[in-house]
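Coordinate inspection notes
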Amino acid sequence: MKRVVITGQGTVNALGMNVPDTLEAMREGHCGIGPLEIRDVDRLAIQIGGQVKGYDPDAEFNRQQIVLYDRFTQFTLLSAREAIAQSGLSFVGDLAARSGVVLGNSGGGMNTLDENYRTVYEAGKNRVHPFVVPKLMNNAAASHVSMEFNLKGPTFTVATACASSNHAMGQAFQFIRSGMAEVMITGGSESMLCFGGVKAWEGLRVMSKDACRPFSANRNGMVQGEGAAIFVFEEYEHAKARGAEIIAEVIGFAMTSDAADIVMPSKQNAARTMTLAMQDARINPEEVGYINAHGTGTAANDKTECAAVADALGHHANDLMISSTKSMHGHLIGGTGAVELLACTMALKEGVIAPTIGYEEPDPECALDVVPNVARDADVDVVLSNAFAFGGLNAVLALRRA
Amino acid sequence: MAESVKDKVIAIIAEQAVLEPSDVKDEASLEDLGIDSLGLVESIFAIEEAFDISVPFNANEPEKSDFDVSSISAIIAAVESLIAEQSNS
């Protein structure tokens, strides 16, 4: 089996328009969640989100591109440019043929859908722009990354709700580990902070009106975010031979299904997935120093996840740190695991554990070290990153310090 | 009126081709201007919006469409006749 390392990372999210700004915000425990600035926000019951603000598409893309790129594609391309620039790779010849793109995304071009439904339903027009379909399809971002960087290997999009990015990165990892690909551009994106996107989530009655407070006894729901994070996964010998800077090593992955309920999480299967990821990585629970939690800030997820961690890690659960950065950037749905992997690489590379902010009251059902409110310096060798999606689909990654 | 239709059509084609309107010659084909099939479909959408007309065009069989896209002057003539037809209905 080949070894897989990360040689580039890029992002756009509510905490920053690039990786350095995002990591600085995580170190400072900054909150990127604020009042939504979208059309018809006054008709929403939920008016907050981790929105990317002060972003001007016209400064980044030309007119020809903007008519084809939904916001989720724009975020993806900006993140991919940062990640691939850091890796120093250019894709020609055999490398191009053996390198691909696997991205996570749940909603596709929700802003495009929203705008064009308004055109035909609200404005009563009988004609929409011809590029609605290529703009909203949720493989658009992966395809545009493939086109911009000449990546001609396996390329597709994974849609497993809140686990999309973890599933995507798990696939990318397995493709390289098995020898099927040399380099994979992976991660994910989401942009559903539009009237219809927020309205749909409102309907489920799981959203907070004021803040995302994972593991805190007074938590009252999740907060949506938007953005993207993209990583360059590369075969270890290939990266070493060209003297690339290695950010971290991806050492294991597992995925399971609860086969039980379309929205409620399962402690048993969350625990089983973490155990399988540790087995796949050939590590003992005692080696895990940090877990990036799914940590949505809902009543159901957080207590279930803490119980699952206790089951999977045993006594060691009391000695490790676990935090949810969704408290800062919101829940990016299909893109969330990707942005959260930045907290994992920060822990491994810089020795800084991102905090769970908004933490106000201990919850006996979440009695782990959740790194409340303030980032912490720590020497960590191995981390896990959890994603437990609606639909009962679980995906856990394991990473090791380079 | 005729001049205005021509100017508007040329402006739409020029924007699509990323050219100055003065560089869009009557006898030019879309291919000459570097406009591909996706660009043609977008131009037709822009023409429909600009003149509030419906353009009969199926990208699967462009040669069978009533809308002649063989040159800029053909497109202008086709738009003028569609305006005349559809304003009567």
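Sequence order sets the numbering: in each chain, residues are counted from 1 along the sequence as written. Each chain is given a letter, starting from A, and each ligand a number, starting from 1, according to the order in which they appear as written. In view of the model being predicted, local features appear only for residues whose pLDDT reaches at least 70, and side-chain atom pairs are presented and counted only at 80 or more, with totals across whole chains, interfaces and linings using the full set of residues.

1. Some remarks on the overall build of chain A
The line we're drawing: Only DSSP runs of H or I with at least four residues qualify as helices, and only runs of E with at least two residues qualify as strands; both kinds are numbered from the N terminus onward. Only C-alpha atoms enter the radius of gyration, while the globule expectation follows 2.2 Å times N to the 0.38, with N the number of residues. Exposed residues have 12 or fewer other C-beta atoms within 10 Å of their own C-beta, buried residues have 20 or more, and residues in between are partly exposed; the C-beta atoms are placed from the backbone. Once C-beta atoms are placed from the backbone, any two residues with those atoms within 7 Å are in contact.
Along the backbone of chain A there are 15 helices and 14 strands. For chain A, whose C-alpha radius of gyration is 20 Å, the value lies close to the compact-globule estimate of 21 Å for 402 residues. Dimensions of chain A, computed from the C-alpha atoms along their principal axes, are close to 65 × 55 × 40 Å. Relative to its full complement of 402 residues, chain A shows a buried share of 58%. By sequence separation, contacts in chain A at least 24 residues apart represent 80% of the contacts at least 6 residues apart.

2. Concerning the interface of chain B and chain A
Heads up, the rule is: Just so you know the grouping, Ala, Val, Leu, Ile, Met, Phe, Trp, Tyr, Cys and Pro go in nonpolar, Asp, Glu, Lys and Arg go in charged, and all remaining residues, Gly too, go in polar.
Every contact between the two is made by four residues of chain B and, on the other side, four residues of chain A. Residues that form the side of chain B that touches chain A fall into these classes: two nonpolar, no polar and two charged.

3. Focus on helix H13 (residues 299–313) of chain A
All names here are of chain A. The test is simple: Each helix should span, by expectation, one fewer than its residue count multiplied by 1.5 Å.
Between the first and last C-alpha of H13 there are 22 Å, a value that for 15 residues agrees with the 21 Å anticipated at 1.5 Å per step. Buried within H13 are the following residues: Asn301, Asp302, Thr304, Glu305, Cys306, Ala308, Val309, Ala312 and Leu313. For H13, the secondary structure elements touched by its buried residues are helix H12 (267–280), strand E9 (288–292), strand E10 (321–323) and strand E13 (382–389).

4. Details of the sheet that holds E10(A)
Residue and element names in this part refer to chain A. Note the cut-off: Here a strand pair is declared whenever DSSP counts at least two bridges between the two strands. To obtain each axis, a line is fitted to C-alpha atoms, and for helices this fit is confined to the stretch in contact; angles are then taken between N-to-C directions over 0 to 180 degrees.
If you trace the 10 strands from one edge of the open sheet to the other, you get E5-E4-E6-E7-E1-E8-E14-E13-E9-E10, paired in mixed fashion. The sheet is open, and its two edges are formed by strand E5 (155–158) and E10, each paired on a single side. Taken over all neighbouring pairs, the strand axes of this sheet differ in orientation by 25 degrees on average, direction set aside. Alignment of strand E6 (residues 183–190) against strand E7 (residues 227–235), held across eight bridges, turns out to be antiparallel. Across the sheet, the residue bridging to Gly187 is Ile230, located in E7. In the packing of H12 onto the sheet, contacts are made with strand E8 (248–257), E13 and strand E14 (393–400), and the angle to E8 comes to roughly 145 degrees. Contacting E9, E10 and E13, H13 runs over the sheet at an angle of about 135 degrees to E13.

5. Re the nonpolar core
Short version of the rule: Only buried Ala, Val, Leu, Ile, Met, Phe, Trp, Tyr and Cys residues enter a nonpolar core, and they are joined through C-beta atoms within 7 Å. For every domain, the bounds stem from an assignment made automatically or drawn from a database.
In this structure, Phe233(A), Ala277(A) and Val383(A) are the most contacted members of the largest nonpolar core, which totals 125 residues. Considering each element in turn, this core owes the most residues, nine residues, to helix H15 (residues 336–350) of chain A. Each of domain 1 (4–241) and domain 2 (254–394) of chain A contributes no fewer than three residues to this core. The contact partners of Val383(A), leaving out residues within four places of it in the chain, are Val288(A), Gly289(A), Tyr290(A), Ile291(A), Asn292(A), Cys344(A), Ala347(A), Leu348(A) and Leu399(A). Counting 14 residues, the second-largest nonpolar core is a separate cluster that includes Val9(B), Ile72(B), Ala78(B) and Val79(B).

6. Observations regarding the pairing of strand E1 (residues 4–13) of chain A
Residues and elements named next belong to chain A. With respect to burial, E1 is a largely interior element, 10 of its 10 residues being buried. Here three bridges tie E1 to E8, and the two strands are oriented antiparallel to one another. Bridging from a neighbouring strand, Val5 pairs with Glu249 of E8. In this sheet, E7 lies alongside E1 in antiparallel orientation, the contact comprising nine bridges. Looking at E7, one finds that Gln9 is bridged to Phe231.

7. Topic: the packing of H12(A) against H13(A)
Residue and element names in this part refer to chain A. Rule in force here: Throughout this description, any angle smaller than 35 degrees is read as roughly parallel, any larger than 145 degrees as roughly antiparallel, any in the 65 to 115 degree range as roughly perpendicular, and the remainder as oblique. Left-handed describes a crossing whose near helix is turned anticlockwise from the far helix through less than a right angle; right-handed describes the clockwise counterpart.
Relative orientation of the contacting elements H12 and H13 amounts to 45 degrees, with a least axis distance of 8 Å. One finds that H12 runs oblique with respect to H13. Judged by the sense of rotation from one axis to the other, the crossing of H12 with H13 is right-handed. Counted together, Lys267, Ala270, Ala271, Met274 and Thr275 of H12 and Thr304, Glu305, Ala307, Ala308, Asp311 and Ala312 of H13 form the full contact between these two elements. Its residues placed into classes, the contact of H12 with H13 shows six nonpolar, two polar and three charged.

8. A short note on the confidence of the model for chain B
Residues and elements named next belong to chain B. Put simply, the rule is: Looking at any residue, its pLDDT shows the predictor's confidence there, from 0 to 100.
Chain-level pLDDT for chain B is 91 on average; 94% of the residues reach the 70-or-more range. Mean pLDDT across the secondary structure elements of chain B bottoms out at helix H1 (residues 2–17), with 90, and peaks at helix H2 (residues 37–51), with 94. Interface scoring of the predicted complex returns ipTM 0.82; its pTM is 0.95.

9. Quick notes on the environment of Asp377(A)
Residues and elements named next belong to chain A. Within the fold, Asp377 resides in strand E12 (residues 376–377). Here Asp377 falls in the exposed class, since 9 other C-beta atoms lie within 10 Å of it. Sequence separation between Asp377 and Glu350 is 27 residues; the distance between their C-alpha atoms is 8.5 Å. Contacts of Asp377, omitting those with residues within four sequence positions, involve Gly351 and Val352.

10. Focus on helix H1 (residues 19–28) of chain A
Residue and element names in this part refer to chain A. Operational definition: To obtain the arc, one takes the directions from the helix axis to the C-beta atoms.
Taken together, the buried positions of H1 are Val19, Thr22, Leu23, Ala25 and Met26. End-on, the buried residues of H1 take up no more than an arc of 160 degrees, which puts them together on one face. Exposed and facing more than 90 degrees away from the buried side of H1 are Pro20 and Glu24. Against the buried residues of H1 lie E1, helix H4 (71–87), helix H14 (326–329) and H15.

11. As for the pairing of E13(A)
Residue and element names in this part refer to chain A. Across the eight residues that make up E13, a large majority, eight, are buried. Alternating positions in E13 separate into two faces, Val382, Leu384, Asn386 and Phe388 on one and Val383, Ser385, Ala387 and Ala389 on the other, with burial throughout. In the sheet, E9 pairs with E13 via four bridges, with the strands oriented parallel. Across the sheet, the residue bridging to Tyr290 is Val383, located in E13. As defined by bridge partners, E13 adjoins E14 across eight bridges and the pair is classed as antiparallel. Counted as the bridge partner of Ser385 is Leu397 from E14. Counting the residues between successive antiparallel strands, the hairpin from E13 to E14 contains three residues, one of them, Gly391, with a positive phi of roughly 95 degrees.

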